[in-house]
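In case you want the letters, here they are:
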Amino acid sequence: MTRLAESIKSLNESSYVLIVIALGVVVYASLSVVLPSPVNVMEVRNLVTAKECVVDGNCLSTTMNGLTRVRKPPLPSWVAAAMMSLSGETNSVYPPRIPSIFLTALFGVFVYFLSKLWLDGLRSFTSAVIVLTSYVILNEGWRAAWDIYTLTFAAGGLWLMCAALFKDKPPVAWLMASGVLWGLAFLSKWHFTVYAVLTPFLAALFFSKLKTGFKWKYLPVIGTVALATGLSWPVYMYFVNPESFSFVDETAAVSMREFGRTVYYYALFPFMAFPWTFLVFGTFASWFSGESRRILLSEDERERMRFFLLWFAFALVLLTIEPSKKLRYAMPLVMPAALFVSVFSGALERGGIASAPPLIRAFWKAHVFSISILALFIVVMSVLAVFLLDMPSYLPIAAAPLAYISYRVMRHKYSVIEVNLCAAVMVALVCFVLAVAGGSLFGGRIDEIRASGDMVSRLSAGYDKLYLFVNDTRAAWAVRRTAYEVEPVGIRIEKFPALILVEENSMHHLIPWAKERGISHKEIYNFLYDPRGERALLLRLTKE
C-alpha cells in the first residue's frame, strides 16, 4: 500500500466528511456556475415560476407565465425565489443554481452516513465519492436539474430512518426529522423518490438478513410526519384553487406519449455510472460467479452485497416499468450501486488484485485503463483547442495535472484506494477544465443576452401584457417581465395589437396558428436568448 493510500485509510470521520463536501462544492460549482450551461426547458420553467414569486408576489399560489402552476411541486422554485430576493437579481441563472451545489455536496454527506450503518469509514467515503463523480449525477448537475433536491432529501430521510429504527429505542427527534425530509422530498418532485428510493429499499431490506433489529412498527410515525409536511401545499392549493388540479387526469397520457423509450433503457446504467463502469461490471461478475464470490467476499460482505444488489434490482425494475424514462430518473440507482461497488473495492484491496480471479482482474485493468486514457485525452484535446479553437493558452496548464493523474494510476495500478482516489480527482479536474473551456466559448454571449432582454422590456413597455407562444418558455426567461402563454394551453388574446414572443424554430407552428385565427404578424425584434446561439422573435400581432 502506498503512503497516500495509508494516509487516506487513517483519516477520521470529520476529515472524510470535509473532503466529500469540498469535492461536491468544487465539482458542481464548476459545472453549474463557472460553465454557463444553456438553460433547459425544465430549469427555465422553475426559474420563471421563481421570478413570478418575487416580481408578482405569487409565492403560495405559484404561477408560470401568469397561469397557476400545481403540476410541479413548489419547493425548488421557492428556494430559487429566495436566492433571487437575496441577490436582488431575478434574471440570472446563477443565484438559483447555488443551492443545488450545496445540496449535491450534502447528498454525498448523507450517502456517507447511510453507508456507515453497514460499512467502515473508508468504504463509506468511497460510496460518497462514487455518487458525486458518477456521470449521471455530473450530467444532471451541469444541466442544473432540480431533481437533486428530492434525491438529497430522500437520502437524508433514509439515513435518519435507518439510524433511528435500528436502535432499541428510536429517538423521536430522528423519526420526526426523517419524516420532514421525506415530506420535503415530496414537495420537490412529488412521489418520485418514494417510488424509486424508499420502496425498493424497504423491499430489499425485507428479503435480507440485515433487517434484524429494524423496528418496522415505527414506520407509520415517519409516514405521518412525511404526509403532513408533503401534502400541506397541495391541500392548501386544492381549497384555494381546485380547478388547477384538472391536470391530474392528463398525467398518464402525457407520460406515455412523450417518453416511450425502450424497456431496456436503464440496463445501460453501468455506462451512466462512468468512470465506475467497469467496477459495476466487476461487482456483477464477482456476485454471479460462485467461485469469485467465495474467493473475494467474506460472509458478512456477501450478506451486505446481497442487500445492496437487491435494492438496486428492485429500483431498476420499478424504473423500467415506469413509462417515463429519462437519464435523470436513473439518479436513484447511484446510491445502491455506490454501496455495492464500495464493498467490491474493499474486498479487492484486502485480498489483492493479483489473487483475484482472471475475470475480476480483467475488469480492474479496464477500470485503470479507462481512467488513464481519459485523463491523457483531455490533456491532448486542451492543447489542440488552443491552436484550433483559439482557446486561452492557460487551458493546457489547467489540464496538466491530468497527465500526472494518468501516470500515477498506471504506476500504482494495484492499489485500489489510490486508483479510485485518482478517478475522483480526475473527474474534478476534468470538470474544471471543461468549465474554463465552456466559459471561453459561451461567456461572451451573456452580455448580448442581457442587452436583448432589456431591449424587449423597453419595446413592450407600452403593452399591458406580453404574450408567449406555446411552450417557448426559454425565450420568456431572457426578458424582464412576465409573459403569458396563449391558447390552446394558456389564455386568449383579447386586445389587439399585441406583442408575442416566439422561438425562431417555432415559427413554422405559429404561422398556421395565426392564419387559423385571422391574425397577422410582423417582426419587431430578433434577439439572442441562449449562449449556444439560439434566437427568438418579438412579433406584433394585429387582427385582420
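Residues numbered from 1 in each chain as written. Predicted model: local features only at pLDDT ≥ 70, side-chain atom pairs only at ≥ 80, totals over all residues. Heavy atoms only, no water.

1. Here we look at the overall build of the chain
So the rule is basically this: To qualify as a helix, a DSSP run of H or I must reach at least 4 residues; to qualify as a strand, a run of E must reach at least 2; elements of each kind are numbered from the N terminus. We call a residue buried when its accessible area falls under 20% of the maximum for its residue type, exposed when it is over 50%, and partly exposed in between, using a 1.4 Å probe and counting protein chains only. Should any heavy atoms of two residues lie within 4.5 Å, those residues are considered in contact. Under the convention used here, a 1.4 Å probe and the Shrake-Rupley method define accessible areas, while residue burial counts only the protein chains that appear.
A count of helices and strands for the chain gives 24 helices and seven strands. Across the 544 residues of the chain, 55% fall into the buried class. A sequence separation of at least 24 residues applies to 76% of the contacts in the chain between residues at least 6 apart. Carbon and sulfur atoms provide 64% of the accessible area of the chain, an area that totals close to 23,400 Å².

2. Concerning empty space enclosed by the protein
Let me state the cut-off plainly: Here a cavity is any set of points on a 1 Å grid over the protein atoms alone where a 1.4 Å probe fits but cannot get out, and a pocket is any open set with protein on both sides within 12 Å along at least 5 of 7 lines; a residue lines the site when it has an atom within 4 Å of a point. Grid points are joined across faces, edges and corners, and a volume is the space filled by probe spheres set on the points. Charged residues are taken to be Asp, Glu, Lys and Arg, nonpolar residues to be Ala, Val, Leu, Ile, Met, Phe, Trp, Tyr, Cys and Pro, and polar residues to be all remaining types, Gly included.
Applying the stated criterion to the full structure yields three cavities of 30 Å³ or more. Here the second largest cavity defines a volume of roughly 80 Å³. Lining of the second largest cavity is provided by Tyr28, Ser32, Ser100, Thr104, Ile137, Glu140, Gly141, Ala144, Ala145, Ile148 and Met331. Elements that contribute at least two residues to the lining of the second largest cavity include exactly helix H2 (13-34), helix H5 (94-116) and helix H7 (135-142). By residue number, the principal contributor to the lining of the second largest cavity is H7, which donates three residues. Partitioned by chemical class, the residues of the lining of the second largest cavity number six nonpolar, four polar and one charged.

3. Quick word on the environment of Cys422
For Cys422, the position within the fold is in helix H21 (residues 416-442). Linking Cys422 and Ser406, residues 16 residues apart in sequence, is a C-alpha distance of 8.3 Å. Every residue in contact with Cys422, bar those within four places of it in the chain, is listed here: Ile405, Arg408 and Val409.

4. Some words on the sheet that holds strand S5 (residues 498-503)
Pairing between the strands of a sheet comes from backbone hydrogen bonds, and it takes one of two forms, parallel or antiparallel. So the rule is basically this: A pair of strands is labelled paired if DSSP reports no fewer than 2 bridges between them. The axes used here are C-alpha line fits, helices contributing only the stretch in contact, and every angle between their N-to-C directions lies in the interval 0 to 180 degrees.
The five strands lie next to each other as S4-S3-S5-S7-S6, forming an open sheet whose pairing is mixed. Edge positions in the sheet fall to strand S4 (483-485) and strand S6 (519-528), since each has one partner strand and no second. Across the sheet, the axes of successive neighbouring strands diverge by a mean angle of 35 degrees, strand direction being ignored. Across three bridges, the pairing between strand S3 (residues 466-468) and S4 is parallel. The residue bridging Tyr467 from the neighbouring strand is Tyr484, located in S4. Strand contacts of helix H24 (residues 507-516): S5, S6 and strand S7 (535-543), with the helix running at about 155 degrees to S6, the strand carrying the most contacts.

5. Let's talk about the packing of helix H6 (residues 121-133) against helix H18 (residues 334-351)
Note the following rule: With respect to orientation, any angle under 35 degrees is reported as roughly parallel, any angle over 145 as roughly antiparallel, any angle of 65 to 115 as roughly perpendicular, and every other angle as oblique. In this scheme the handedness of a crossing depends on how the near helix is turned from the far one: anticlockwise by less than a right angle means left-handed, clockwise means right-handed.
Contact pair H6 / H18: the axes reach a minimum separation of 8 Å and the direction vectors enclose 135 degrees. Here H18 runs oblique to H6, going by the angle between their axes. Read as a crossing pair, H6 and H18 show a hand that is right-handed. Note on element contacts: H18 touches H6 through Val334, Met335, Ala338, Leu339, Val341, Ser342, Val343, Gly346, Ala347 and Arg350, opposite Arg123, Thr126, Ser127, Ile130 and Val131. A class-by-class count of the residues in the contact of H6 with H18 yields nine nonpolar, four polar and two charged.

6. Let's talk about the nonpolar core
Inclusion rule: What we call a nonpolar core is a set of buried Ala, Val, Leu, Ile, Met, Phe, Trp, Tyr and Cys residues that are connected through their side-chain atoms within 4.5 Å.
Grouped together as the largest cluster of nonpolar side chains are 138 residues, with contacts concentrated most on Met161 and Phe201. Counting residues in each nonpolar core, the second largest holds 15 residues, with Tyr467, Val502, Trp513 and Leu541 among its members.

7. Digging into the packing of helix H15 (residues 277-288) against helix H19 (residues 358-388)
Where H15 contacts H19, the two axes come as close as 9 Å, and the packing angle between them is 175 degrees. As the angle between them shows, H15 and H19 are arranged roughly antiparallel. In this structure, H15 contributes Phe278, Leu279, Phe281, Gly282, Ala285 and Ser286 to the contact, and H19 contributes Leu359, Ile360, Phe363, Trp364, Ala366, His367 and Ser370.

8. Examining the side chain of Thr320
Basically, it comes down to this: Here a polar contact means two N or O atoms within 3.5 Å. Within protein one must be a hydrogen donor candidate and the other an acceptor candidate, and residues neighboring in sequence count only if both atoms are side-chain atoms.
Relative to the helices and strands, Thr320 is located in helix H17 (residues 299-321). Under the relative-accessibility criterion, Thr320 is labelled buried at 17%. Side-chain polar atoms of Thr320 contact the backbone oxygen of Leu316, separated by 2.6 Å.

9. Overview of helix H9 (residues 172-189)
Let me state the cut-off plainly: A helix is expected to span 1.5 Å multiplied by its residue count minus one.
Taking 1.5 Å of rise per residue, the 18 residues of H9 would be expected to cover 26 Å, and the 26 Å separating its terminal C-alpha atoms lies within 8% of that figure. Along H9, the residues that are buried comprise Leu175, Ser178, Gly179, Leu181, Trp182, Gly183, Ala185, Leu187, Ser188 and Lys189. Contacts made by the buried residues of H9 are with helix H4 (75-87), helix H8 (147-165), helix H10 (192-206), helix H11 (219-230) and helix H12 (232-240). Trailing H9 by a residue or two, Trp190 shows a phi angle of about 50 degrees, which is positive.

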